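Residue strings, one per chain:
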Amino acid sequence: MKAVTICVNGERISRSVDDRLSLADFLREHCLLTGTHIGCEHGVCGACTLMMNGQPVRSCLTLAAAADGRDVRTVEGYEGDALMQAIRRAFNLRHALQCGFCTPGMLATAYDILSRIPDLDRERIRSELAGNLCRCTGYLSIVTAIEDVHAQGIARKGSSA
Amino acid sequence: MSELGVGASLPRLEDERFLHGRAQFCADIALPGTLHAAFVRSSHAHARIVAIKKPSGSEKQVYCAVDLAGLRRIRSTAKLPGFKPSDWPVLTVDKVRHVGEPIAMAIGATAAEAEDIAALVEVEFEQLPAVVSMWDALAGGAPLVHEEWGSNVLVDMKLEAGDLAAAKSAAAHVVERSFRMNRMHPLPLEGRACVASYDGRLDELVIYVAHQLPVPLQIGLSQILGMSQRRVRVVAPDVGASFGLKTYVESETVCVAWAAMKLRRPVRWIQDRYESLVCDANCRDYHCKVIAYADANGRVLGMECDVTVDSGAYSPWPWPAGLEGGLALGNMQGCYDIRAFRGRAVNVVSNKPAGQPFRGVARPLSCCGHEIVMDAVAHTVGIDPLEARLRNFVQPAQMPYVSITKKTLDSGDYGAALKRAAELIGLPSIRARQKQAEPDGRLIGVGFASFYEQTAYGTGPFGYAAWGIELVPGMEPAVARLTGDGELILEVGSHSHGQGHETVFAQLANEVLGIDPRKVSVRFGDTSISPAGTGTYASRSMVTTGGAIIEACQLLQVPIIKIGAHLLQCKEADARIRNGRVEGPQGSVEFAEIGRAWYHHPEELPADIDPAGLTAAAGHKAYDPGVFAYSAHAAVVAVDREIGSIEIIDYAIVADCGTRVNPLLVEGQVVGGFSNGLGNALYEESTYDELGQPTATTLADYTAPGAPSIPELKLDFMETRSPFAMLGMKGIGENGAIGPPAAIANAVNDALRPLGASVYETPITARRVRAAIARARSGGTA
Amino acid sequence: MKPAQFGYLRPDSLAEAIGLLKDRPQDARVMAGGQSLGPMLNLRLAQPKHVIDISRLGELCDSSMSGDTLAIGACITHAQIEDGKITDVTRGLLTQVAKGIAYRAVRNRGTLGGSLAHADPAADWLTTMIALDASLELAGTNGRSQVKVAKFVTGAMETTIEAAQLLTCVLVPRLSTSARWGYAKYARKPGDFAESMAIAVVDPDRASSRVVLGRRSEPPALMQASSQVLAGKPAESLTEKLATAIEVDLSSVRADQADWTMHRAIVLRAIRTLT
């Protein structure tokens, strides 16, 4: 067992966890934040993607113990964030989700590329989305939603490298 | 047509919870004291179990077949001539029949602990020779998957109609093509999952399951567990897609339910991806040979086909294997006016997971059949494949047209759709382009796929009853209830796992009652709340559940107008419903006042009000033969002749599903379906070695299309209202997935034709293209 | 799946890490970014008793120049290289390769050293570092040593690393201003491991011409004949000679016949893009 303290959505959470516990399971089982989904546990599908120290990572391949002291932001943690609000609105307007299972990971990736990459066209958006599988939408509506937000030019709230 | 009703591209009302991480998938449901199940699975494709040794100290946490006391058998049957039923083992009894078959269940305090215990269970196997491919299954002297059958043929179906001999003798051209569609995995992003518990207050089993068909599952569980149906509550909460995977009674569901009842503790099983890729690679896996007999003008006079389907080891319950072969035969003639047909479909069993239907079911196969052979006819006769199709289509004037396989094509214009698709890709300019060499050396090809999709079909002789299956879908129910504050609850028997029912059904309520869809709750998936429909499958919910909702809302209009007129002190004939109010000659009342009158002040109601009040239940009888949506797909590809890779440089879809209740959502279904069809065509394959070991067991090996793989689709819609469905609606859920394998195969083969090469196997990988080119170069047959 | 039980250790220094490895030679696995080891743990393909997390060791997270050699710390991530956070000594080649590795979320954690130590043959860095004739530094109980990456990798997922050794940094020689490189890759879809990859680095001022072919299941192979043909001459004039050389090379590296046209095309494309 390891004692870990992880800042989750701005709140410091300290727990004693099994050494082998993933960050995804820590959030889901210990913090009861089930918005982070597990789709493969080998880092390919992207459903578990969330922000750690401001960067998207695979929470299924991150040990909770290895995330000790880190800053984690899950899909539940964007209250009042103008960029995420715009992304959510665009996803809704463009029908960029169907079953919703890939959505939290998609939102994290969308947030990252909109924050990080100044020149986004459809081709670039597609290639940046390569690490997030969706089986329902066929992706085109997700690309369009992200394109919409890019055109709005919203700066991301707060920042951490 | 209104802003919020039929025809409105309303953004989905259910999106909120998914966008904020508040959805409730099975794995998100936390019940106090939950135990976790993990399964010990066969590492052999075919083997007898000699002994099972439970780990010492954890014996009480491991359950084998002999420990599951009181379970009845699962046996799925069909009244097809020669059909051979098989028992579905909940846990292996005597021998395992595929890698991944569950042998024992381990229970632990966490998932990791349950897996630890499962890993310590020792199973002694006596290996048997495995039947891996359909050809292995049919070979003389093949090992038998089910010894008592005497062969590996599950069912052998024949369909003959019209005068094929006459067609053969009148034919100027005979073309034959064979192709293979390899096994795939439906790959919904959420795997299978269930959480079972015993409700001590109601003396019920409560089981949350990722599932499309809650009521059939309830029926199945009650039969297997020997419990009354009223004591089995199935709840399908948010479900992370399914595409046909989460439709049947599965071993894990039964085990978890049994364990919850026995241990009186909640028990949970969440499938992981590796497990899923091993156990649920269970769809497609077909071979087909098609022969067309055409006259000098390319009119197809007759057609023959021989289909082989590999259904894996068992028939699932309630809908057995064998249906796919029959569906393939019944749809093999496509949109064409072909009057003579002979078809045979042999469904075999093999040592692979039990086959289940996947989006499109057998239609991607039959579409390849009629579309590949139509291209062959075109080339033999010397006309463009577009022209060949136009000469053979059933014409609108012929509709309703009863095909030789007894499909009633009710409405549509196949030629117009195809011409529009050809226009969208700029066919003449592509043909001109093909005459020049490409600067980068790639080869350009065009392929079409025209097809219909039989949707929302019903019970009777042209519907499900024809199979003689145990559970025949019947009337589709809906209950509409106006609340005390004038809002609406719709309870339905279908289930939405991405289809947007919470929005489209609210739009139907708006159409009939004028109520704002944001004031409508659509409830489904819980057998204790939802009226008993069969669920969502086979592209039917919009028509069948939609029809029931329209009928229930129409029934509800009666008491609403009656109470409204009474409150307005006017004649009922002078009152009408508009925009969520009842309007009379001098004023109006809101639905909230109507609700208040019924629930709070019944003393103010008219004397002759129906005591059933503001709740209306209706059922919809689907039109037995179904209603026929259709599409035309046009693909333009560039093939790299050295690497063999294929780029889709243009792709058009013209789809017609009649009246589109929500065009935005319809587009979502078509594009999503296309991505599944694209995976089928170019990427996805569940591979096995010669011992029957699956080799595509991680997402690194099983390639699903990602965002860069999807071309920018050109979409257009036609709306030919069906005369046989309410509002002229037709189903659309599977449509997008049916066309791509045929359209892309045709395009690739069009590109490769100058090299004398061809590929008739999906997925059309770079490796297969290279091999075809190499074969052609060395003088092999195309 | 969930991993089999293990103990997680996070040493505070390189010496401590090596000490931990020395004490548990058979039972421990080193974890840097966890993007290769993580899936193996989750699939129970690796069942170590201890996982030693080196990702926060300062020494391994730095890069520095020493003369004409860039020393890239083993725990520098693919994303850091993609974002140009290290000195560019390869005229942009490393940045270009980094961009194409898996997906951004994986690149944010996956490390250069982890990728080389894991030695999955299809990993982009293997082919790249062999094309650059890079070396790497190993630190263990016997002190530090250097070895060429080409010699370090002995097979698919096999290296010369010893039980109590850690890969500490990768040493990349600076390319001359006249050096040119070309890069081509074919994967079933973007982000997948490549079915075929080729990197050509021609640096006449350093008398170096190296064409390396990367494949799915065998370690990257130096295409000797092609490399020699390219040395010092412009590729455009060498079509026939190159064609012959590639055939010779594909045969000597025992490429699967079914893949020849693909590998040949990829090698030629890498060479044609030499800039």
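Residues numbered from 1 in each chain as written. Chains lettered and ligands numbered in written order. Predicted model: local features only at pLDDT ≥ 70, side-chain atom pairs only at ≥ 80, totals over all residues. Heavy atoms only, no water.

## A few points about the interface of chain A and chain B
Facing the 41 residues of chain A at the interface are 50 residues of chain B. Three residues, A:His95, A:Arg126 and A:Arg135, lead the burial of chain A against chain B; their summed loss comes to 21% of the area buried on that side. Two residues, A:Arg20 and B:Asp116, come together in a salt bridge whose shortest N-O distance is 2.7 Å. Elements supplying a minimum of two residues to the side of chain A that touches chain B: helix H1 (23–30), helix H2 (82–94), helix H3 (103–116) and helix H4 (122–128) of chain A. Looking at the side of chain A that touches chain B, the element that brings in the most residues is H2(A), giving five residues. Here the residues of the side of chain A that touches chain B are counted per class, giving 18 nonpolar, 13 polar and ten charged. (Contact = heavy atoms within 4.5 Å. Buried area = accessible area lost by both parts, 1.4 Å probe. Salt bridge = Lys/Arg side-chain N within 4 Å of Asp/Glu carboxyl O. Helix = DSSP H or I, 4+ residues; strand = E, 2+ residues; numbered from the N terminus. Nonpolar A, V, L, I, M, F, W, Y, C, P; charged D, E, K, R; others polar.)

## Observations concerning the interface of chain B and chain C
Across the contact, 25 residues belong to chain B and 20 residues belong to chain C. Between chain B and chain C, the buried area comes to about 1800 Å², and carbon and sulfur atoms account for 51% of it. Its largest share of buried area at the contact with chain C, chain B owes to B:Glu642, B:Ile643 and B:Arg770, together 27% of the area lost on that side. Summed over the shared surface of chain B and chain C, the result is seven salt bridges.

## Regarding the pattern of salt bridges
Residue and element names in this part refer to chain B. Across all of its chains, the model carries 90 salt bridges over all chains by this definition. For Asp310, the salt bridge goes to Lys352, with nearest N and O atoms at 2.9 Å. A residue pair is termed long-range when its members are at least 10 positions apart, and Asp310 in strand E16 (residues 300–310) and Lys352 in the loop between strand E17 (341–348) and helix H9 (363–381) qualify at 42 residues. Overall, the relative accessible area of 2% leaves Asp310 in the buried class. One salt-bridge network, in which partners are shared between bridges, spans Arg41, Arg192, Glu250, Glu252, Glu275 and Asp280. (Buried < 20%, exposed > 50% of the residue type's maximum accessible area, 1.4 Å probe, protein only.)

## Section: helix H13 (residues 501–513) of chain B
All names here are of chain B. In this model, H13 (13 residues) spans 17 Å end to end at C-alpha, consistent with the 18 Å of a helix rising 1.5 Å per residue. The buried fraction of H13 is high, at twelve of 13 residues. Of the residues making up H13, those classed as buried are His501, Glu502, Thr503, Val504, Phe505, Ala506, Gln507, Leu508, Ala509, Asn510, Val512 and Leu513. Count one or two residues on from H13 and you reach Gly514, which has phi positive near 70 degrees. (Expected span 1.5 Å × (residues − 1).)

## Notes on the sheet that holds strand E20 (residues 443–455) of chain B
Residues and elements named next belong to chain B. Strand order in the open sheet formed by four strands is E20-E28-E29-E30, and the pairing between neighbours is mixed. Only two strands of the sheet have a single neighbouring strand rather than two, namely E20 and strand E30 (713–718). Within the sheet, the average angular offset between the axes of one strand and its neighbour, ignoring direction, is 15 degrees. Sheet topology note: the strand E29 (residues 646–656)/E30 ladder contains six bridges and is parallel. (Pairing = 2+ DSSP bridges. Axes fitted to C-alpha atoms, helices over the stretch in contact; angles between N-to-C directions.)

## What about the packing of aromatic side chains?
All names here are of chain B. Evaluated as defined, the whole model comprises 18 aromatic pairs over all chains. Aromatic side chains Tyr452 and Phe628 sit 5.2 Å apart centroid to centroid with 70 degrees between the ring planes, which places their arrangement in the edge-to-face category. Note that Tyr452 is positioned in strand E20 and Phe628 in strand E28 (residues 627–639), a separation of 176 residues in sequence. A single burial state applies to Tyr452 and to Phe628, both of which are buried. Between the NZ or CZ atom of Arg264 and the centre of the ring of Tyr198, over which it lies, the distance is 3.7 Å. The cationic tip of Lys352 hangs over the ring face of Tyr688; the distance from NZ or CZ to the ring centre is 5.5 Å. (Phe/Tyr/Trp six-rings, centres within 6.5 Å; stacked < 30°, edge-to-face > 60°. Lys NZ or Arg CZ within 6 Å of the ring centre and 35° of its normal.)

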